[in-house]
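Single-letter residue listing:
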Protein chains: 2
Amino acid sequence: MQQGAIGVFDSGVGGLTVVRALRALLPHETILYLGDTARVPYGTRSGDTVRRYSLEALRFLEVASRELDLRKRQASQPPEQSPPLPLKMVIIACNTATAYALSALRERCSIPVIGVIRSAVWKAMQLSKSRRVGIIGTAGTVRSGAYQSSIRSADPSAVVLAKACPLLVPLVEEGWLDHPVTDLTLATYLAEYKESSIDTLILGCTHYPLLRGAVDRYFGQSVALVDPSESVSQEATLLLQKRGWLASEGQEGELICFVTDTPHRFQQVAHRFLGGAPQRVEQVDLSQYVRGIGAQEANDHRI
Amino acid sequence: MQQGAIGVFDSGVGGLTVVRALRALLPHETILYLGDTARVPYGTRSGDTVRRYSLEALRFLEVASRELDLRKRQASQPPEQSPPLPLKMVIIACNTATAYALSALRERCSIPVIGVIRSAVWKAMQLSKSRRVGIIGTAGTVRSGAYQSSIRSADPSAVVLAKACPLLVPLVEEGWLDHPVTDLTLATYLAEYKESSIDTLILGCTHYPLLRGAVDRYFGQSVALVDPSESVSQEATLLLQKRGWLASEGQEGELICFVTDTPHRFQQVAHRFLGGAPQRVEQVDLSQYVRGIGAQEANDHRI
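Residues numbered from 1 in each chain as written. Chains lettered and ligands numbered in written order. Predicted model: local features only at pLDDT ≥ 70, side-chain atom pairs only at ≥ 80, totals over all residues. Heavy atoms only, no water.

A.B. asks: Is there a simple way to explain the relation of the copies chain B and chain A in this structure?
C.D. replies: Between the two chain copies there is a screw-like relation: a rotation about an axis and a shift along it. Once chain B is rotated about the relating axis by 180 degrees and shifted along it by 0.0 Å, it coincides with chain A to within an RMSD of 0.0 Å. Considering both components of the superposition, the chain copies are consistent with a two-fold axis. It is B:Arg39 whose C-alpha, among those of chain B, lies nearest the rotation axis, at 2.5 Å. An overlap of 100% is found between the interface residues of chain B and their copies at the interface of chain A, pointing to a shared contact surface. (Least-squares fit on C-alpha atoms with pLDDT ≥ 70 in both. Contact = heavy atoms within 4.5 Å.)

Spelled out as structure tokens, the structure:
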């Protein structure tokens, strides 16, 4: 048993699809969610920029969980009884950040860091019979080649098609989930996948699970869909079980959300992704944690 | 005559429509353009965040123009011959930043700062006969109410309709200018304007002038379109003429672009907005200028 929190971060609100799937499997865990809403979207940014933002997110989650842990100890427990590791796992909910920053975060961090790509690829490999797999994602995710190379290393004979679909996130955020514009946009993006007879499609962006219905309408359910929010939650559960780090069943799971822009718009659309309104949303300034990183690095050099 | 540069800033690449219109009217001016591509879009952010980003942009343009001025002096002119004001005007090309940050920038700055809203409203008032005017823009621009109140103070009897159209920027960036999805999206957004018989529509976002053709197709040219990039360039020209600050006709106009993310994607799409590829694009880190603002404020307190 391990009392620490699970940290989840994303470029914005979309990562709440991962939180939703996590809470379904792990209702007793405390989850700290950071949505970098002041700098969303990551999908159009360069790899360097996405890495820098992701390192700031990691640093923030470490500090926020320590503060939370401290408050909890002061409130209820004598210090010697609680374990010294307030953050026990980090999940990168954002596909683009997983593609560009997963290794960098693992280098900086002694706790497990998992991203959404590996488990989604594993699931796709389980589902696909024809070994013709399609991926849709942001420009950044597709350009990184992370999904493509992960599939090819799982099965070198697989045919992999990848397409950036930059209009799908704004369509989801506009709430046009069942709208003729969405159907026509999907038909434009996915025509080549129908021609190529893929049998499995990875929904490689946190927003896309909300378009499951529209994608099914287009393919007439001839294509199996992989939702990375579900597969990464299964991976996280297995990992915590294996290490014996699951939260006590007596503990009530808590979700605390942090955002970098004002919470207003996040709160407006969060229910669509989470399946209910988040209770606690706080605004934070990540530039404090940038300075933190700088100071730490300065200390490292001094030593 | 005034040798200083004109500073133009925008959340990303869209403000190049303003640069294009400026260069058509003022071919001898040196223009410094800042596109905050690492933090685009501004249209979904809160007013506070947009103001903070805009102040950083102003501070950056001041420093960049001083550095440019210094390099030019060192290269060619004895210091006493060149005037001491390296930045002579700032144009906020972004509608959202104009809506939220124009007054804040004017308070911080002794040179003229102009935004895209006032001149567009003035132009709309010239064109509209029925006094039924529509505005389309980002969520931020529409929510700010800046266009609406500006029209109402120009003519309290005018009927003003405003609509946020968040899908139009991604459609332009996807390059779907003449595409069935764009036509269907515009038909969805603009149906109420057709029903309300507006006779003038302000294209209240830097990207929208590229959709002139599609908007004209929808309205069948029964509606006059106002392009704020043209009206703000006319306003800038008149202001420089009036002050006697136009650049010498012997001087060759120069455009230097700065971006906050890697220049690659900016360079890829810039030609669509500018009508040609920008010659010089440099990446800058605005957080240096945040520290600059802090230091300046610390000094102010000390005095």
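Here the narrative resumes.
A.B. asks: Just checking my understanding: could you explain the sheet that holds strand β7 (residues 200-204) of chain B for this structure?
C.D. replies: Pairing between sheet strands relies on hydrogen bonds along the backbone, with the strands arranged either parallel or antiparallel. Residues and elements named next belong to chain B. Here we have 4 strands laid out as an open sheet, ordered β6-β5-β7-β8, and parallel in their pairing. Two strands in the sheet have a free side with no partner beyond their single neighbour: β6 (159-164) and β8 (224-226). On average, each strand axis in the sheet is inclined to that of its neighbour by 20 degrees, with strand direction left out of account. Bridge count for strand β5 (residues 132-137) against β7 is 5 bridges, and the pairing is parallel. In the strand pairing of β7, Ile-136 is matched with Leu-203. Across the sheet, helix α8 (residues 180-195) is in contact with β5, β6 and β7; its angle to β6 comes to roughly 170 degrees. (Pairing = 2+ DSSP bridges. Helix = DSSP H or I, 4+ residues; strand = E, 2+ residues; numbered from the N terminus. Axes fitted to C-alpha atoms, helices over the stretch in contact; angles between N-to-C directions.)

A.B. asks: What is the right way to read unusual backbone geometry from this model?
C.D. replies: With glycine set apart, most residues show a phi of negative sign, and most peptide bonds adopt trans. Cis geometry marks the peptide bond from A:Val40 to A:Pro41; its omega dihedral reads 0 degrees. Among the structural elements, A:Pro41 can be located in the loop between β2 (30-35) and α2 (47-75). Despite not being glycine, B:Arg131 shows a phi value in the positive range, around 60 degrees. Locating B:Arg131 in the fold gives a position in the loop between α4 (117-127) and β5. For B:Arg131, a relative accessible area of 22% corresponds to the partly exposed category. The backbone of B:Ser197 shows a phi angle near 50 degrees, a positive value even though the residue is not glycine. Along the polypeptide, B:Ser197 turns up in the loop between α8 and β7. (Buried < 20%, exposed > 50% of the residue type's maximum accessible area, 1.4 Å probe, protein only.)

A.B. asks: Hey, could you run me through the pairing of strand β9 (residues 254-259) of chain A in this one?
C.D. replies: The side chains of a regular strand alternate between the sheet's two faces. Residues and elements named next belong to chain A. Most of β9 sits out of view: 5 of its 6 residues are buried. Here β2 pairs with β9 via 6 bridges, running parallel. From the neighbouring strand, Leu-32 faces β9, where its bridge partner is Ile-256. The pairing of β9 with strand β10 (residues 280-283) spans 4 bridges and is parallel. What sits directly across from Cys-257, in β10, is Val-281. Tracing the backbone out of β9, into helix α11 (residues 263-274) and back to the parallel element β10 gives a crossover that is right-handed. (Right-handed = clockwise from strand over helix to strand, strands pointing away.)

Without other data, these values stay purely geometric and don't point to any function.
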